[in-house]
Amino acid sequence: MLEARIPTGPIEQQWDKCRFEMKLVNPANRRKHSIIVVGAGLAGAAAAATLGQQGYHVHCFSYHDTPRRAHSVAAQGGINSAKNYRNDGDSILRLFKDTVKGGDFRAREANVYRLAQISLNIIDQCVAQGVPFAREYGGLLDNRSFGGVQVERTFYARGQTGQQLLLGAYQALEEQIAAGRVTMHTRSELLDVVIVNGRARGIVTRNLATGHIERHVADVVVLATGGYSNVFYLSTNAKASNCTAIWRAHRRGALFGNPCFTQIHPTCIPLSSEHQSKLTLMSESLRNDGRVWVPKKKGETRAAKDIPENERDYYLESRYPSFGNLVPRDVASRNAKEVCDEGRGVGSSGQGVYLDFADAIQRLGLEVVREKYGNLFDIYQRITGEDAYTVPMRIYPAPHYTMGGLWVDYRLMTTIPGLFAGGEANFSDHGANRLGASALMQGLADGYFVLPCTVPDYIASTKLDPVDVSHPAFADAEAEVRNRIKMLLSIKGKRSPDSFHKELGKIMWDECGMARSEAGLKKALARIPWLRDEFWKNLKIVGGEDELNQTLEKANRVSDFLELAELMCLDALQRTESCGGHFRLESQTADGEAKRDDANFSYTAAWEWKGTGQAPALHKEPLVFEHVPLSQRSYK
Ligand SMILES: Cc1cc2nc3c(=O)[nH]c(=O)nc-3n(C[C@H](O)[C@H](O)[C@H](O)COP(=O)(O)OP(=O)(O)OC[C@H]3O[C@@H](n4cnc5c(N)ncnc54)[C@H](O)[C@@H]3O)c2cc1C
């Protein structure tokens, strides 16, 4: 069932070979084909613009009112590329190896190698679009470090890298919209994928402004709908980010890869109140110059400035001398949790560690620090009321990114022929832990470079029957969408979608968050079906279906989170090893690091939906490591 379609031959030549072997569509024939791209974040906008430029009829969908509001806009720190402008020993091979190792050997080598190769083209593409990457005094592009690596390969635009990259992709998209090759459907939410004769041939959407349910047909469907960290309710993702597109595709037959692989980011502003509905990231780039510490004494009550040097524990620097504050995210997050669990956390909740810039300011001067990180310090000031130039920031880990997603082969096609997935929506190239600044790289690699080759190959090599929206499969999918909405509206219970979402998020954070155990996961697996049942009996939605109704939107999304959460826990339960962001308490080394079990778990878990109330089936894609020998990760 799982055919990854990895090209044969030396890994350095696989992508070239694949591109050469793929079929082409004559430019004059391209306008006869239509492609649906769902998502207008970095991955979706890049794919839609590039396929439009090639001459296809592209229909691009987003639930936002403009592509510029996609969650990609929030990315702060940077984007990796093996350009080696620093001449500090970087190369495609090094980026490849760092990424495989950073992902704790749970990613597919061939994809990661291609990603490292394409990383060079991405920077050229974005610079040509006018993306204002930071430059050094002489005019050359500047670089900085991110966690888990020992070279400086991260390109950035202050703390607004995602926004600037998205503006580049958006301009390219707008050009194609103006040229009539891309039709943009904003405020349209995908609620189902339509399968005709085993192939993805369209989608059913709801117009969020009017409530109209619409059918759209195409030759190919691409999902670039982002990640599902909001299953935890509190996360650094945009409030609207959700799993509906990929989950409904999963219910239609697309296998779901590694659902339990989620990333908890170490540098977020700690939760300050019960009523908070969103967490804010402080970019990992801050760990370039900020030093992480906690008091040595448990229950310390003195302010940071009153704690002398010899009573501070710079625990990352002492435990991991080679990488220090730049250890990968999973390692930094786990260590923060550990010192807080020991009672040495800071802030009123005790759930925080310091990120201190005093040394950097002394070494570099206030203006240099302001130049590099000023907007992040401003965000911090606005949220906490504290001035991080004079008082150390307080940070704590929070859900941030999902490495899991729809399983895709080397060509980014899901197990449904004609349904592709790119960006954070697929199970990605990051294995069990994504290194910082690698999501933007992967989203743009998928959108600008991979999908524009593999989607045309699918079109050229497939006999596509003429289909229109009157096909019974569209009527069935639309009926299902309408029934689900009617059911949600008919419950007329007492609880809001948010109250269910919050309760689910707490279960997931407690039992399937930074640390997982058999007992905890079993507890969650007992609780989630109960909560889902309660949702379908006691949900309250105000307003109707044929109008703008944000409560209904939320309810639809929460109903999917309630199903996905169970799959995440099942996946976490079956993987009794620790790896990357998936830390099983039962599987640790003597010094508390994640202990992998390569003999039994060197595979991607790909889950098949078997129907409501049925146990899903687990398929395994074995992972083979020929170029990066399996080893215990060490950042010491
Ligand atoms: C705060 C923050 C900072 C980050 N900083 C960095 C960084 O510095 N470097 C880095 O590499 N990564 C970073 N990341 C991760 C990175 O930003 C994301 O992984 C990446 O931007 C995801 O891009 P995407 O195109 O896959 O999805 P998104 O940008 O999330 O776009 C999803 C699109 O799909 C649409 N959509 C979704 N569902 C539907 C539906 N059902 N119907 C219609 N449309 C739908 C949305 O409207 C949107 O247009 C950060 C993440 C966060 C949360």
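Residues numbered from 1 in each chain as written. Predicted model: local features only at pLDDT ≥ 70, side-chain atom pairs only at ≥ 80, totals over all residues. Heavy atoms only, no water.

1. Looking at the site of the ligand
Now for step 1: Taken together, 37 residues surround the ligand, and among them His64, Ser72, Gly77, Leu190 and Glu424 come closest.
Now for step 2: At 3.3 Å, a backbone N or O of tyrosine 63 approaches an oxygen atom of the ligand.
Now for step 3: Interatomic distance of 3.4 Å between a backbone N/O atom of alanine 224 and an oxygen atom of the ligand.
Now for step 4: Taken by itself the ligand offers 1,000 Å² of open surface, and the protein chains cover 97% of this.
Now for step 5: Broken down by secondary-structure element, the contributors of at least two residues to the shell around the ligand are α3 (42-54), β6 (188-196), β15 (393-402) and α12 (439-460).
Now for step 6: Sort the elements by how many residues they give to the shell around the ligand and β6 lands first, with 3 residues. (Near = heavy atom within 4 Å. Polar contact = N/O pair within 3.5 Å; in protein donor to acceptor, adjacent residues only side chain to side chain. Areas by Shrake-Rupley, 256 points an atom, 1.4 Å probe, with all protein chains shown as cover. Helix = DSSP H or I, 4+ residues; strand = E, 2+ residues; numbered from the N terminus.)

2. Considering the side chain of glutamate 563
Now for step 1: Along the chain, the position of glutamate 563 falls in helix α16 (residues 550-574).
Now for step 2: Within polar-contact distance, the side chain of glutamate 563 engages the side chain of arginine 251 at 2.8 Å.
Now for step 3: Excluding residues within four positions of it along the chain, glutamate 563 makes contact with Trp247, Arg251, Arg484, Arg532 and Trp609. (Contact = heavy atoms within 4.5 Å.)

3. Description of the sheet that holds strand β17 (residues 419-421)
Now for step 1: Within the open sheet, the 5 strands sit side by side as β5-β2-β1-β9-β17. Their pairing is parallel. One side of each edge strand has no neighbouring strand; the edge strands of this open sheet are β5 (182-185) and β17. For this sheet, the mean angle separating the axes of adjacent strands, direction not counted, is 20°.
Now for step 2: Across 3 bridges, strand β9 (residues 220-223) lies against β17 in parallel orientation. Pairing of valine 222 across the sheet is with phenylalanine 420, part of β17. (Pairing = 2+ DSSP bridges. Axes fitted to C-alpha atoms, helices over the stretch in contact; angles between N-to-C directions.)

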